[in-house]
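A closer look at the structure
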Amino acid sequence: MSAIESRKLVKEFDGLRAVDEVSFRVEEGEIFGFLGPNGAGKTTTTRMITGVIKPNSGTATIEGIDVVQNPTAAKEKIGIAPEEANAYLDLTARGNMNLAGEIYGVPGSQLRNKVDDLLAAFGLLDRSDSKVKGFSKGMKQRLILAMALINDPGILFLDEPTAGLDVESQRLIKDRIKELNEEGKTIFLTTHDIAEADRLCDRVAVINRGKIAAIDSPERLKTTIKSTQSVLVSFSSKNFQPEDLRVLEGVEEIEKEGDKWRLYGPEPGKIIEEVVNFARDEGGEILSLNTTGPSLEETFTHLTKNQN
Amino acid sequence: MHYPSSLRKSIAIARKDLRVYYGKGPVVIFGILLPFFFFFSFLIGRNMPPLSLISGLGGMAIWFTATSISPVIAPMETRTRTLERLVSMPISVSEMLMGDILASMAVGAVLSTIPISIIGAILNLNLVHFFPLALGIVMASFCFSAIGVLMSALPTDTPSDVMMLALLIKFPVVFVSGVFIPAGNLPGWGRLISRFSPLTYFVKLVRVSFGGTGQLWVNLGILALFAIFSLLLAVFVHKRTLPKRL
């Protein structure tokens, strides 16, 4: 049984299809990244999976529980830190935590200790009795995350958890995400920060115009863009002309970058062989030789651009 | 709803409401000062019978306090995005609304008991039916709070929109419910309309509780029916309008 499963989810607003038959599975213990440009349908999909809004058609399950049929039971299994949500500014941090704990049904005898532990883990214990209206954005976001963990959920939905935060808060939240995953929690991470997704996620799904454009591990997704795999080489002794290198087998495109040449092609290994042979035959000395794949950002751009 | 976890959730919401919303200006202005001055501006220069005075003031107090904040909680939470936070948690619409009603009911019951007690003491009125009056205050507070919550179903994130709607409903209700003139003295059309106002039955209940003539338990029963109807209608309408807020 998957931790999260979305089957052909559809959501329309005023006749416009914002989410179009989105299907995917998230396995237990994964950090699953959900990427997409603004307006692609990320937040709408997440809201449907978490039972905040109802889909027009399709189903979503959390640990096998149908979110549409039984939203309260499904929500009890998860913790959510929505992007467009706030804590109560006129309540203290502890007041907000207590409210969440009572709604999640945390027994009163455990609630105080749990609240203290979570506030401490997110660096807010010394401000626990301060009203949230005096908190910085980073502190509010940490509080929202702490609230999402009050029921010790197996699955955590984080919508843009580090967006617009200071470096210290970003680092603290990223470290906590890794730790939570190491503790066995499944993490569904919606983010604009592609570098963050690349570093944290086991798999990512790219959504564009309401449809899933690709789902795979970040590294495998990068290899899907053959054209942006390349070999970066510099020679010490001889000034070669572009046409000298363009004839090498496997090279599709060539670019000069300062004193280096970037050779594009679908098989970087083959290009390396050719470059080594070429240098030996032409009496050139190789100073440096690197293979570079596309970044996840390039992959993302490629995937979303191709659909536009 | 699954008890007692549902009740615990509703109480948590009620506690939150009391802390967040009920210390604010609108409660004091619309819940206490406005009905107080409104009533006394009508009273001064007239020779109102004591029973009309206590039932009118009691009715005004409970009607305005119980509907002071309950209509604006939902639009305020929509605007501050705390509604999204609540909806993402395992709590149903009916549990959320019940929490809002409980908070409003508590405020309405306490703030209406005070003027009723003071005026009763000043006028040296004899409280003949204590328990039915206490039950009536609780019932009426619940009913009027549910009506306030029903007003908040307007899918807007601007509290003043709902306040305007609330005022359009609240003042006419006061005029046709026997607050200033006993319902029996109203013209025919007024008497007809007054039957559809739950406030009419609370005003009558107060009169009877302090020794006036009337059917005590019938008024209490009708108030209970209005309370149930208002609650069910509020839940039904909110379930339909909630998606427009998110």
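Quick summary incoming for the structure in this document.

Each value, and the rule that gives it
- Residues numbered from 1 in each chain as written.
- Chains lettered and ligands numbered in written order.
- Predicted model: local features only at pLDDT ≥ 70, side-chain atom pairs only at ≥ 80, totals over all residues.
- Helix = DSSP H or I, 4+ residues; strand = E, 2+ residues; numbered from the N terminus.
- Rg over C-alpha atoms; globule rule 2.2 N^0.38 Å.
- Axes fitted to C-alpha atoms, helices over the stretch in contact; angles between N-to-C directions.
- Parallel < 35°, antiparallel > 145°, perpendicular 65-115°, else oblique.
- Left-handed = near helix turned anticlockwise from the far one by under 90°.
- Contact = placed C-beta atoms within 7 Å.
- Nonpolar A, V, L, I, M, F, W, Y, C, P; charged D, E, K, R; others polar.
- Buried ≥ 20, exposed ≤ 12 C-beta atoms within 10 Å, placed from the backbone.
- Core = buried A, V, L, I, M, F, W, Y, C linked by C-beta atoms within 7 Å.
- Pairing = 2+ DSSP bridges.

Moving on: the overall build of chain B. The helix and strand tally for chain B stands at 11 helices and 0 strands. Listed by position from the N terminus, the elements making up chain B come as α-α-α-α-α-α-α-α-α-α-α. The globule rule puts the C-alpha radius of gyration for 246 residues at 18 Å, and the 18 Å found for chain B is close to it. With respect to the principal axes defined by its C-alpha atoms, chain B has extents near 55 × 35 × 35 Å.

Looking now at the packing of helix 1 (residues 5-20) of chain B against helix 6 (residues 93-122) of chain B. Residues and elements named next belong to chain B. Closest axis-to-axis distance for the helix 1/helix 6 pair is 7 Å, and the angle between their directions is 50 degrees. In terms of their interaxial angle, helix 1 and helix 6 are classed as oblique. Along this stretch, helix 1 crosses helix 6, giving a crossing that reads as right-handed. For the pair formed by helix 1 and helix 6, the contact residues are Ser6, Lys9, Ser10, Ile11, Ala12, Ile13, Ala14, Asp17 and Leu18 on the first element and Glu95, Met96, Met98, Gly99, Asp100, Leu102 and Ala103 on the second. Taken together, the residues that form the contact of helix 1 with helix 6 break down as 9 nonpolar, 3 polar and 4 charged.

Another aspect to go through is the interface of chain B and chain A. Contacts between the two partners involve 20 residues from chain B, matched on the other side by 21 residues from chain A. For the side of chain B that touches chain A, the secondary structure elements donating two or more residues are helix 1 and helix 5 (82-87) of chain B. In terms of residue count, the dominant contributor to the side of chain B that touches chain A is helix 1 of chain B (7 residues). Residues belonging to the side of chain B that touches chain A are distributed by class as follows: 8 nonpolar, 5 polar and 7 charged.

Glycine aside, residues mostly have negative phi, and peptide bonds are mostly found in the trans state. Located in the positive-phi region is Asp14 of chain A, a residue other than glycine, with phi close to 50 degrees. Tracing the sequence through the fold places Asp14 of chain A in the loop between strand 1 (4-13) and strand 2 (16-26). Overall, Asp14 of chain A belongs to the exposed group, with 5 C-beta atoms counted inside 10 Å. Here the phi dihedral of Arg81 of chain B falls at roughly 65 degrees; this positive angle occurs in a residue that is not glycine. Checked against the element boundaries, Arg81 of chain B lands in the loop between helix 4 (73-79) and helix 5.

With that settled, the discussion passes to the nonpolar core. Grouped together as the largest cluster of nonpolar side chains are 133 residues, with contacts concentrated most on Ala146 and Leu189 of chain A together with Cys143, Ala146 and Leu223 of chain B. Counting residues in hydrophobic clusters, the runner-up holds 8 residues, among them Val231, Phe235, Trp261 and Ile271 of chain A.

Residue and element names in this part refer to chain A. The strand order across the open sheet built from 6 strands is 6-7-8-3-9-10, with neighbouring strands paired in mixed fashion. Across the chains shown, the open sheet's two edge strands, defined by having one partner strand only, are strand 6 (78-81) and strand 10 (211-216). Going from strand to strand, the sheet's axes swing by 15 degrees on average, the running direction of each strand aside. Here strand 9 (residues 203-208) runs beside strand 10; their pairing, made up of 5 bridges, is antiparallel. Residue Val204 lies in a different strand from strand 10, and its bridge partner there is Asp216.

All names here are of chain A. As for its placement among the helices and strands, Thr223 is situated in helix 8 (residues 218-223). Of the residues examined, Thr223 has 15 C-beta atoms within 10 Å and is grouped as partly exposed. Along the sequence, Thr223 and Pro266 sit 43 residues apart, while their C-alpha atoms lie 8.9 Å from each other.

A word on the pairing of strand 3 (residues 31-35) of chain A. All names here are of chain A. Most of strand 3 is tucked away: 5 of the 5 residues are buried. Here strand 3 shows a buried face lined by Ile31, Gly33 and Leu35 and a second buried face lined by Phe32 and Phe34. By the bridge criterion, 5 bridges tie strand 3 to strand 8 (residues 186-191) in an arrangement that is parallel. Bridged to Ile31 within strand 8 is Ile187. Bridge count for strand 3 against strand 9 is 4 bridges, and the pairing is parallel. Residue Phe34 lies in a different strand from strand 9, and its bridge partner there is Ala205.

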